[in-house]
Amino acid sequence: MKRSVLLTAGIMFAASAAFAQEDGAGAAGQTGLSAPGAKVENSVPDQKILMRQADFAEAMQDVAERQKVFAGAPERFTLEGDFAQGGLAFGQTERGAKIRLDGEDVMVDDDGRFLIGFGRDAALTSLLTVELPDGTTERRSFEIEDREFPTQRIDGLDQSKVSGFTEEQLAKIAIDSAKKKAAREQTQSLADWSLGFEWPVTGRISGVFGSQRILNGEPKRPHSGVDVAAPTGTPIRAPAPGVVRLAEADMYFEGGLVLLDHGHWLESAFLHMSRIDVAPGQRVEKGDIIGAVGATGRVTGPHLHWSMKWAGELVDPQLLTGIMPKEAPSANPAD
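Rules used throughout
By convention here, each chain's residues receive numbers from 1 onward along its written sequence. Given that this is a predicted model, residues contribute local features only at a pLDDT of at least 70 and side-chain atom pairs are listed and counted only at 80 or more, while totals for whole chains, interfaces and linings are drawn from all residues. Only hydrogens and water are set aside; all other atoms, that is, all heavy atoms of the structure, feed into the side-chain values. Numbering goes from the N terminus for both helices and strands, where a helix is a DSSP run of H or I of at least four residues and a strand is a run of E of at least two. Only protein chains enter the accessibility calculation, which uses a 1.4 Å probe; a residue whose area is less than 20% of its type maximum is buried, one above 50% is exposed, and one in between is partly exposed. The term polar contact refers here to a pair of N or O atoms within 3.5 Å; inside protein, the definition further demands a hydrogen-donor-capable atom paired with an acceptor-capable atom, and it admits residues adjacent in sequence only when both atoms are side-chain atoms. Every residue pair with non-hydrogen atoms within 4.5 Å of one another is taken to be in contact. Values of pLDDT, which run from 0 to 100, indicate the predictor's confidence residue by residue. For two strands to count as paired, DSSP must find a minimum of two bridges between them. In this analysis, axes come from line fits to C-alpha atoms, helices being fitted only over the stretch in contact, and the angle between any two N-to-C directions falls in the range 0 to 180 degrees.

S.K.: Go over the side chain of Ser 268, please, and point to the residues and values.
M.R.: Locating Ser 268 in the fold gives a position in strand S16 (residues 266–273). According to the relative accessible area criterion, Ser 268 is buried, its value standing at 0%. Polar contacts involving the side chain of Ser 268 include one to the side chain of His 262, which spans 2.8 Å. When residues no more than four places from it in sequence are discounted, the contact partners of Ser 268 are Pro 239, Val 258, Leu 259, Leu 260, His 262, Trp 306, Ser 307 and Met 308.

Put into structure tokens, the structure is as follows:
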């Protein structure tokens with residue numbers, strides 16, 4: 001509150017000073033106001049001083065505008081979730097509202113539902129702006145938890161899957177990348193994510209999101225998801241409803257790969273599958289079997305790698321599902 005008062009005072013002072021200089025009420029080289037009845041030494045204001053004061057006033061007005069973020073809680077939208085690196089938050093506002101996160105547009109469905117996410121290395125502050133149909137604007141600024149991620153060393157991988165790629169392998173990698181890029185060019189407006197998420201497979205967690213990977217002694221990109229160790233052939237179930245965007249059995253790094261669109265640019269990726277039971281364009285419901293655990297692609301043993309992306313940013317699936325259940329969820333007892 002004290003800071004807000006100081007900012008307001010600064011704006012008023014700067015604006016008054018600039019006005020006084022234009023009116024010839026201040027001496028050259030001075031930035032304050034002249035006392036009433038004081039003799040004016042120079043009726044021509046110093047242009048440099050005027051420019052500096054104008055710039056200061058404008059800057060302070062901008063600060064004051066941003067400061068409105070902290071003045072009370074928003075009244076016409078709600079937002080809850082994990083405000084942490086790798087986290088997702090889910091919101092509700094009025095129909096027809098327009099939302100921006102740090103200046104970028106956010107998809108809002110016909111019922112006013114939306115979600116936002118924060119990548120592994122997201123900045124530690126973020127600003128959400130909601131423009132309502134009646135022209136009102138509400139803002140919310142929040143701090144993002146700075147998470148610490150472990151380092152994981154994995155040895156015994158096929159070196160051809162780590163580095164030193166041949167021309168033929170590079171060509172295959174490029175083809176695979178093009179397929180994934182094409183699959184990610186669209187998303188559905190249906191908020192399938194609003195029904196919540198469950199573990200697609202149960203078992204021992206053998207790798208966590210965000211860990212710094214050292215493969216065969218070579219530092220690589222941080223781990224993009226969570227690994228669940230399970231026997232080959234274990235059914236993989238859709239953690240939430242969605243539309244299949246990609247289903248490929250022989251990707252160079254991923255092996256058997258399925259991309260599932262949960263709406264609003266939120267995607268699940270399932271890697272290393274031994275069997276794929278879905279096709280692009282197919283809609284699946286939560287709990288439907290989409291394939292089976294395998295050891296295809298760059299692996300040392302059978303497991304499911306489950307990663308998620310929101311608007312191109314990797315997020316942590318484990319923050320959505322919580323503690324691993326003892327038994328796998330089942331949508332149909334006959335499965």
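Next, the rest of the story.
S.K.: How would you sum up the confidence of the model for the protein? Please name residues and give values.
M.R.: Per-residue confidence for the protein averages 80 on the pLDDT scale, and 73% of its residues sit at or above 70. Scored below 50 in pLDDT, residues 1–45 shows 45 contacts in the model against residues more than four places distant or in partner chains. For the stretch residues 328–335, pLDDT sits under 50, and the model shows 11 contacts to residues farther than four places along the chain or on other chains.

S.K.: Mind laying out the pairing of strand S15 (residues 255–263), listing which residues take part and the relevant values?
M.R.: Counted residue by residue, S15 has 9 buried out of 9 residues, so it is predominantly covered. Sheet topology places strand S14 (residues 242–251) next to S15; 6 bridges connect them, and they run antiparallel. Of the residues in S15, the one forming a bridge with Val 243 is Asp 261. The hairpin formed by S14 and S15 contains 3 residues between the paired strands. Counting the residues that bridge the hairpin from S15 to S16 gives 2 residues, and of these His 264 lies at a positive phi of roughly 60°.

S.K.: Break down the sheet that holds strand S4 (residues 104–106) for me, citing the residues and quoting the values.
M.R.: Taken in spatial order, the 4 strands of this open sheet run S4-S3-S6-S7, and their pairing is antiparallel. Looking along the sheet, the strands with just one partner apiece sit at the ends: S4 and strand S7 (137–143). Strand-to-strand twist across the sheet, computed as the mean angle between neighbouring axes with direction ignored, equals 25°. When strand S3 (residues 98–101) meets S4, the two strands line up antiparallel, connected through 3 bridges. Following the sheet pairing, Leu 101 is matched in S4 by Glu 104.

S.K.: If you had to explain the environment of Ala 240 to someone new, which residues and values would you point to?
M.R.: Along the polypeptide, Ala 240 turns up in the loop between strand S13 (235–237) and S14. Each C-alpha atom of the pair Ala 240 and Lys 286 lies 4.3 Å from the other, and the pair is 46 residues apart in sequence. Residues in contact with Ala 240, not counting those within four places in the same chain, are Gly 196, Phe 197, Leu 260, His 262 and Lys 286.

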